[in-house]
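# Structural overview
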Amino acid sequence: MKSIVLSCLLCGTLFNLSAQDAIKTNGLFYKISLGATLTNNEDYTIGNDEGHTFIDLNGVFINNSLGYQFDHRTSIDLNVEYDHYLRQAFNFLPVHLGFNYNILDFDDVLFIRAGYGKLIDAGKNFENGTMYKLGVGYRTFDDNFRNSWLIGFDFNRKRFGYKQEEKLSSLSIFFEFMVF
């Protein structure tokens, strides 16, 4: 009896270890992201000696996502993000639901994504409203196809203020790390 139980435990352990090496195509994932939006510098002149650059940083975004991948092409995620725009001195706390779809799915992935959500009123320094984003990106995996790095571009539109009449649109570049 002891040998049967020991054999079952050994087979279960070996099965579990071999299952961890298989390529995972669905399940929960966590993603952390850093993004930035750039703008042209209106003070820049050709041949300036003042050290001005043509492109300036306008906004910084930090995003945390918890999501579920349904198969090798589609996933959804819940995002909590902090956005700070330098030039306009705006702070946003978007909470949004995102949808990702892999267009080309080989060893690396070309994907599109979209998201819609609310700008949470987290105090007097944060704007309240709605937001949406559309994006395209490239995803590359590590050796065991679990974790991945993502890079791409997002178009963001935020509506806020009195009756959400103020709008802020931006094109940002993002870098993300995904744990699957």
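For every chain, the first residue of its written sequence is number 1, and the numbers climb from 1 along that sequence. With pLDDT at 70 or above as the cut-off, local features in this predicted model cover only qualifying residues; side-chain atom pairs require 80 or more to be listed or tallied, and sums for whole chains, interfaces and linings still use all residues. To get the side-chain values, take all heavy atoms of the structure and skip hydrogens and water.

### Overview of the pattern of salt bridges
Any carboxyl oxygen of Asp or Glu that lies within 4 Å of a side-chain nitrogen of Lys or Arg is treated as forming a salt bridge with it. Counted under the stated rule, the structure contains 7 salt bridges. Across the pair arginine 113 and glutamate 176 runs a salt bridge, and its minimum N-O distance is 3.0 Å. Placement of the pair is arginine 113 in strand β6 (residues 109–119) and glutamate 176 in strand β9 (residues 166–179), with a sequence separation of 63 residues. Here's how the labels work: a residue is buried when its accessible area is under 20% of the maximum for its type, exposed when over 50%, partly exposed in between, all with a 1.4 Å probe on protein chains only. A relative accessible area of 2% means that glutamate 176 is categorised as buried. Counting from the N terminus, the helices are DSSP H or I runs at least four residues long and the strands are E runs at least two residues long.

### Topic: the confidence of the model for the chain
pLDDT measures the predictor's confidence residue by residue and takes values from 0 up to 100. This prediction gives the chain a mean pLDDT of 86; 86% of its residues lie at or above 70. The model gives residues 1–20 a pLDDT under 50, and that stretch makes 2 contacts with residues more than four places away or in other chains. Any two residues having at least one pair of non-hydrogen atoms within 4.5 Å are treated as being in contact.

### Concerning the packing of aromatic side chains
Planes of paired rings set the category: under 30 degrees apart is stacked, over 60 is edge-to-face and the rest tilted, where pairs are Phe, Tyr or Trp rings (Trp by its six-membered ring) whose centres lie within 6.5 Å. Summed over the entire model, instances satisfying the criterion amount to 11 aromatic pairs. Between the aromatic rings of tyrosine 68 and phenylalanine 70, the centroid separation amounts to 5.2 Å while the plane-to-plane angle is 70 degrees, which identifies the pairing as edge-to-face. On the accessibility criterion, phenylalanine 70 (44% relative accessible area) is partly exposed. Ring geometry for phenylalanine 92 against phenylalanine 160: centres 5.2 Å apart, planes inclined by 65 degrees, an arrangement best described as edge-to-face. With phenylalanine 92 in strand β4 (residues 90–92) and phenylalanine 160 in strand β8 (residues 148–160), this residue pair connects regions lying 68 residues apart in the sequence. Classification of phenylalanine 160 as buried rests on a relative accessible area of 2%.

### Overview of the nonpolar core
Nonpolar cores are built from buried Ala, Val, Leu, Ile, Met, Phe, Trp, Tyr and Cys residues. Side-chain atoms within 4.5 Å join them into one set. Formed by Phe61, Tyr85, Phe90, Phe92, Leu119, Met131, Phe160 and Leu168, the largest nonpolar core amounts to 8 residues. Contact partners of phenylalanine 92, with chain neighbours within four places excluded, come to Glu81, Tyr82, Asp83, Tyr85, Leu119, Phe126, Glu127, Lys158, Phe160 and Leu168. Membership of the second largest hydrophobic core comes to 7 residues, among which are Phe29, Val109, Leu150 and Phe180.

### Quick word on empty space enclosed by the protein
As defined here, a cavity is a set of points on a 1 Å grid over the protein atoms alone where a 1.4 Å probe fits but cannot get out. A pocket is an open set with protein on both sides within 12 Å along at least five of seven lines, and residues line them when an atom is within 4 Å of a point. Grid points are joined across faces, edges and corners, and a volume is the space filled by probe spheres set on the points. In total, this model carries 2 cavities of 30 Å³ or more according to the counting rule given. In terms of lining, the largest cavity is formed by 22 residues, of which the most central are Asn63, Arg113, Lys133, Asp154 and Glu176. Looking at the lining of the largest cavity, the elements that each hand over two or more residues are β1 (27–40), β2 (55–69), β3 (74–85), β5 (94–105), β6, β8 and β9. At 4 residues, the largest contribution of residues to the lining of the largest cavity is made by β5. The residue inventory of the lining of the largest cavity, partitioned by class, reads 4 nonpolar, 11 polar and 7 charged. Each residue is assigned to one class: nonpolar for Ala, Val, Leu, Ile, Met, Phe, Trp, Tyr, Cys and Pro, charged for Asp, Glu, Lys and Arg, and polar for all the others, Gly among them.

### Some remarks on the pairing of β8
Note on strand geometry: in a regular strand, side chains alternate between the two faces of the sheet. Across the two faces of β8 the burial differs, with Ser148, Leu150, Gly152, Asp154, Asn156, Lys158 and Phe160 buried and Trp149, Ile151, Phe153, Phe155, Arg157 and Arg159 not buried at all. Relative to β8, strand β7 (residues 129–141) is paired through 13 bridges, and the arrangement is antiparallel. Looking across to β8, one finds that glycine 137 is bridged to glycine 152. Note on pairing: two strands pair once DSSP finds at least 2 bridges between them. Where β8 lies against β9, 13 bridges are found, and the strand directions are antiparallel. Among the inter-strand pairings, aspartate 154 is bridged to a residue of β9, identified as serine 172. Counted between consecutive antiparallel strands, the loop separating β8 from β9 contains 5 residues, among which glycine 161 sits at a positive phi close to 85 degrees.

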